[in-house]
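The chain contents come next:
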Amino acid sequence: MTVSNSTSEHLLEVRNLKKYFPIKGGLMRRTVAEVKALDGVSFSIKKGETLGLVGESGCGKTTTGRTVLRLIPPSGGQVLFEGQDVLKASAGQMRVLRRNMQIVFQDPYASLNPRIPVGQSIAEGLKIHNIGTPRERLDQVAQVLERVGLNSSHMRRFPHEFSGGQRQRIGIARALVMQPKLIVCDEPVSALDVSIQAQVLNLLNDLQKDLGLTYLFIAHNLSVVEHISNRVGVMYLGRMVELSSRDQLFRKPMHPYTKALMSAIPLPDPTIKRDRIILEGDVPSPVNPPSGCRFHPRCWLAQDICKHDDPAFEEKEPGHFVACHFAQG
Amino acid sequence: MAQSDVLLKLKGVKTYFFTDEGTVHAVDGLDFQVRRGETLGIVGESGCGKSVTSMSILRLLGKTGKVIEGEIMFDGENLLDLSEEEMRKIRGNRISMIFQQPTTCLNPVFRIGEQIIEALQIHQGLSGEEANKRTIELLTLVGLPDPVRRMRSFPHEISGGQAQRVMIAMALACNPELLIADEPTTALDVTIQAQILDLMRELREKVNTAIILITHDLGVVAEMAENVMVMYAGRAVEYAPVHALFEAPKHPYTQGLIASTPVLGNVRDELETIPGQVPSLLNPPAGCRFASRCAHRMDQCTQEEPPLIKLEGDRLVRCWLY
C-alpha cells in the first residue's frame, strides 16, 4: 500500500503503534520493567467517519488517543494524518498538524482552568496559533459557544458556574474553535448523567453532520459506542482484538472477548433473559502479559495453541478483522 | 400482609444540609418501604438524593446534614430515636452497606482479613479463632480466590473487583437483615460488574437479605430489582414493580430517562433528551420539581406539587397527568 493511495480515503492511519511506560526502581532509578500499554495497534479512519474504541480499564484506549496526537511520545509505530507522519513531524509541522487534530477530555471539571473565564480558555488555541485579531477571536468564541448550545455571554463566566454537561460543551467548543478535521473524544460522556449524556451525544452527531468532522471516539460504554460509531475497534491489554463496521461487530461479534463484553452489559429491559458469558478472574497485568493470546487465561475457547501462538490480526470477513485462533461468527 | 413483613419503612423523611450557601433540601419528604427479602432499586441522577437517603437510614450524615422530619422505622423501631450507641449495634450488624469505591472503604493499613474479623468480634462476640474461621468461609462464599492467603493481603494488593468482593463479605459477615448497596458496580469494568451482580444474586437466594440497590444504571436495576423507586430532586416521582416500570413508565421523567439511554443492539438516529438540567436544591422550585424540563407541563404544575397518586398494580406516580 502506498501512502498517496491511502490518503485519498483515510484521514488517519495508525500502524503498529506501541507505547511502553518504563517502571523505574532501585538505587539508580533504572528501568526495571515496562508497562506495555500499547503493543502493536493498527487501524485507520476515513474522512467524516467515527471510529469507536472500546475496552476495559488498562486496555490502552486512552493511550492510543494520546499517542496519536503525540501528547505522549510513542515507543514505536507510525501515525499518518493525511499521509503525513505525525510522529516524525518537526516542531513547526506539528504546530500546523495540531490545529487539525483536537481532543475532548473525559473530566470537564479537571480539563478547564478554574481561574480564567471559559472564553479565554476557548480562545487560547487561536491565540497560540496567531489566528485573527483579539476582536475576531472574541467573535469566533461567541460563535462557537452558540454552536455548542450555550450562550455567547457565557464566555465571561468561570468554569465553576457551569454544570457538568455545560462544561463538556465548553470542552467541545474549545476543540471546535480551531476548525479541526479530527477530534479525539476520550470518554466525553462517561462523567455525565444519562439525560445530559444524550444531549452531548446528539450534539457530537449534529456537529459531525454539519462540519464533516472525523471522530476517534474512546469509551468503555458499549451502548454509547454503538450509538455513535460507524466502525468499532475492541481493545484488550494493549492490543486490538477485533475491528469491524458497527453493524457487523454488534450483530456478529467473532472474538470471544467481544462476545463476553456484550453479554455482560445489563440491559434496561427486565423481560430479556440472556445466556450470560461471565469471564473469570481479572484483566492480567500489562507489565507481564500472558504468553500467546493475551486473552487465553480468561477464554473459554482456549486450546494449547492459544498459550503459545499469538494470533494474527486478520481479515476474516471483508472489513472484519479479528485476532483469534478460533474466531467464529 | 402482616405488619412484621415490612422491614423498613420511611415516612415523610426530610434530610437537609446546612451549608454556608444555604440549606440544601437533599431529601425532601420521602416515603417508601422495603419488605423482608425484597430487592428495591432506587434510580435517579446525580443530586437526586438517592445516596443521602441511604446515609439517612444509617445516620451517617456528618456534621452539616440532619434528618429534620419524618420517621425511619426499622423492624418496628424508629432509628432516629436511638442513641448513638444503639445505632452502632445496628450498623454493620443488622443493616450493612456496600459503597461505590471499594478500595477507599477498606482501611489501607490493615490486612483485609483483620478488618472482617474485627466486625465479627465486635458484633457477634466471636473468639479470635472462630472469627478467623468464619472469615475464611465468607471470603470463600464471595468467590475470592485463595482466601487463606488473600486474608493476609493489604487492600492495595488486590484489584477493584476483588476489593468489592471483600466489601460484600464484610457486609454479609453478621447476616444483616438489610443490605444497602450504593452504586456497587459503578467503579468496576463491565466484565467484573457481571461477576459481582451474579454474586449478589446468588447470595440473595442463599441468605435472604433485603437489598436496597442504589444506582444510576437502568440496566442494573432491570436485572436486579423487584420494585423500583425513581427519584428526582429529592423526591420520589415514581414507584413500580420492575416489569411494569420498564414496560410502561408513567412519570415524564422516567419516560425521558429510559428514552435517553442508548440500548445495546437498538440503534436510533437521535437519542431522546431531557432538555435543561436538575434544579438547585438550595431553592427548589414551587410546584412539580420536574416542571421546567417537562414536555407535558400545565399551569397547575408550576403552582402546586402533585401528590403521589395511586395507580393500578401497586404503582405510585407524582404527576398531575394521572
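Residues numbered from 1 in each chain as written. Chains lettered and ligands numbered in written order. Predicted model: local features only at pLDDT ≥ 70, side-chain atom pairs only at ≥ 80, totals over all residues.

As named in an unreviewed UniProt entry, chain A is Peptide ABC transporter substrate-binding protein, taken from Herpetosiphon geysericola. Taken verbatim from the UniProt record of chain A, the Sequence similarities (unreviewed entry) comment is "Belongs to the ABC transporter superfamily." (UniProt positions renumbered as here; feature names shortened; annotations may be inferred.)

Next up on the list: the interface of chain B and chain A. The interface is formed by 39 residues belonging to chain B together with 33 residues belonging to chain A. Contributing elements (two or more residues each) for the side of chain B that touches chain A: helix H8 (190–207), helix H9 (218–224), helix H10 (242–247) and helix H11 (252–259) of chain B. Among the elements that line the side of chain B that touches chain A, the one with the most residues is H8(B), at eight residues. (Contact = placed C-beta atoms within 7 Å. Helix = DSSP H or I, 4+ residues; strand = E, 2+ residues; numbered from the N terminus.)

Within the UniProt annotation, "domain: ABC transporter" (unreviewed entry) is assigned to residues 12–262 of chain A. Secondary structure within residues 12–262 of chain A divides into 37% helix and 28% strand; the distance between the first and last C-alpha atoms comes to 27 Å.

This next bit is on the nonpolar core. Core analysis: the largest hydrophobic core is formed by 189 residues, its most contacted members being Leu216(A), Ala169(B) and Val221(B). The greatest single-element share of this core, amounting to eight residues, is contributed by helix H7 (residues 160–172) of chain B. Sequence-distant contacts of Val221(B), defined by excluding residues within four places in its chain, comprise Gly41(B), Val43(B), Leu213(B), Thr215(B), Val228(B) and Val242(B). (Core = buried A, V, L, I, M, F, W, Y, C linked by C-beta atoms within 7 Å. Buried ≥ 20, exposed ≤ 12 C-beta atoms within 10 Å, placed from the backbone.)

Residue and element names in this part refer to chain A. Taken domain by domain, chain A consists of domain 1 (3–229) and domain 2 (237–329). Inter-centroid distance (C-alpha atoms) of domain 1 to domain 2 is 27 Å. At the interface, 19 residues of domain 1 touch 14 residues of domain 2. Of all the secondary structure elements, the ones that give two or more residues to the side of domain 1 that touches domain 2 are strand S2 (30–46) and helix H8 (222–228). With ten residues, S2 is the single largest residue contributor to the side of domain 1 that touches domain 2. (Domains from an automatic or database assignment.)

The next point concerns the domain arrangement of chain B. Residues and elements named next belong to chain B. For chain B, the assigned domains are domain 1 (3–82 + 176–271) and domain 2 (103–173). Relative to domain 2, the C-alpha centre of domain 1 lies at a distance of 26 Å. With eleven residues of domain 1 in contact, the opposing surface of domain 2 contributes nine residues. By residue number, the principal contributor to the side of domain 1 that touches domain 2 is H8, which donates six residues. Split into classes, the residues belonging to the side of domain 1 that touches domain 2 amount to ten nonpolar, one polar and no charged. (Nonpolar A, V, L, I, M, F, W, Y, C, P; charged D, E, K, R; others polar.)

So, about the sheet that holds strand S6 (residues 101–104) of chain A. Residue and element names in this part refer to chain A. In spatial order, the strands read S6-S7-S8-S3-S9-S10-S12-S11; together these eight strands make up an open sheet with mixed pairing. Edge strands, defined here as strands with exactly one partner in the open sheet, are S6 and strand S11 (314–317). With direction set aside, neighbouring strand axes in the sheet form an average angle of 25 degrees. Both strand S3 (residues 50–54) and strand S8 (residues 214–218) contribute to a ladder of four bridges, which runs parallel. Bridge assignment links Gly 52 to a residue of S8, and that residue is Phe 217. Here helix H6 (residues 164–176) sits on the sheet and contacts S6 and strand S7 (182–186); the angle it forms with S6, its principal contact strand, is near 175 degrees. (Pairing = 2+ DSSP bridges. Axes fitted to C-alpha atoms, helices over the stretch in contact; angles between N-to-C directions.)

Residues and elements named next belong to chain B. End to end, H8 covers 25 Å across 18 residues, agreeing with the expected 26 Å (1.5 Å per residue, within 8%). The set of residues buried in H8 consists of Val 190, Thr 191, Ile 192, Gln 193, Ala 194, Gln 195, Ile 196, Leu 197 and Met 200. Just past H8, the residue Asn 208 takes up positive phi, approximately 50 degrees. (Expected span 1.5 Å × (residues − 1).)

The next point concerns unusual backbone geometry. Residue and element names in this part refer to chain A. At Asn 16, a position not held by glycine, the phi torsion is positive, near 50 degrees. Checked against the element boundaries, Asn 16 lands in strand S1 (residues 10–25). On the basis of neighbour counts, which here come to 13 C-beta atoms within 10 Å, the residue Asn 16 falls in the partly exposed class. Positioned with a positive phi, Gln 179 is a non-glycine residue whose angle comes to about 50 degrees.

Residues and elements named next belong to chain A. Assignment of secondary structure puts Gly 171 in helix H6. Residue Gly 171 is classed as buried on the basis of its 26 C-beta neighbours within 10 Å. On a C-alpha basis, the gap between Gly 171 and Ser 195 in space is 18 Å, while along the polypeptide they are 24 residues apart.

This part covers the confidence of the model for chain A. All names here are of chain A. When pLDDT is averaged across chain A, the result is 91; 98% of the residues are at 70 or more. By mean pLDDT, helix H1 (residues 3–7) is the weakest element of chain A at 45, and S8 is the strongest at 97. Counting contacts from residues 1–7, a segment whose pLDDT is below 50, to residues more than four positions away or on other chains yields seven contacts. (pLDDT = per-residue confidence, 0-100.)

Let's shift gears to the packing of helix H10 (residues 256–264) of chain A against H8(B). Remark: H10(A) packs on H8(B), axes separated minimally by 8 Å, with the N-to-C direction vectors making an angle of 50 degrees. With respect to each other, H10(A) and H8(B) are oriented oblique. Like other packed secondary-structure pairs, H10(A) and H8(B) cross with a definite hand, here left-handed. From H10(A), Ala260(A), Leu261(A) and Ala264(A) reach across to H8(B), where they touch Val190(B), Thr191(B), Gln193(B) and Ala194(B). For the contact of H10(A) with H8(B), a count of residues per class yields five nonpolar, two polar and no charged. (Parallel < 35°, antiparallel > 145°, perpendicular 65-115°, else oblique. Left-handed = near helix turned anticlockwise from the far one by under 90°.)

The next subject is the confidence of the model for chain B. Confidence in the prediction of chain B, expressed as mean pLDDT, is 91, and 99% of residues score 70 or more. Across the interfaces of the predicted complex, the ipTM metric reaches 0.84, alongside a pTM of 0.89.

What follows deals with the pairing of strand S7 (residues 178–182) of chain B. Residues and elements named next belong to chain B. With five of five residues buried, S7 lies mostly within the body of the structure. Residues Leu 178, Ile 180 and Asp 182 of S7 are buried on one face, and the alternating residues Leu 179 and Ala 181, pointing to the opposite face, are buried as well. Pairing analysis gives four bridges linking strand S6 (residues 95–98) to S7, with the strands arranged parallel. Bridge assignment links Ile 95 to a residue of S7, and that residue is Leu 178. Direction of pairing for S7 relative to strand S8 (residues 210–215): parallel, over a ladder of five bridges. Its bridge partner lying in S8, Asp 182 is registered against Ile 214.

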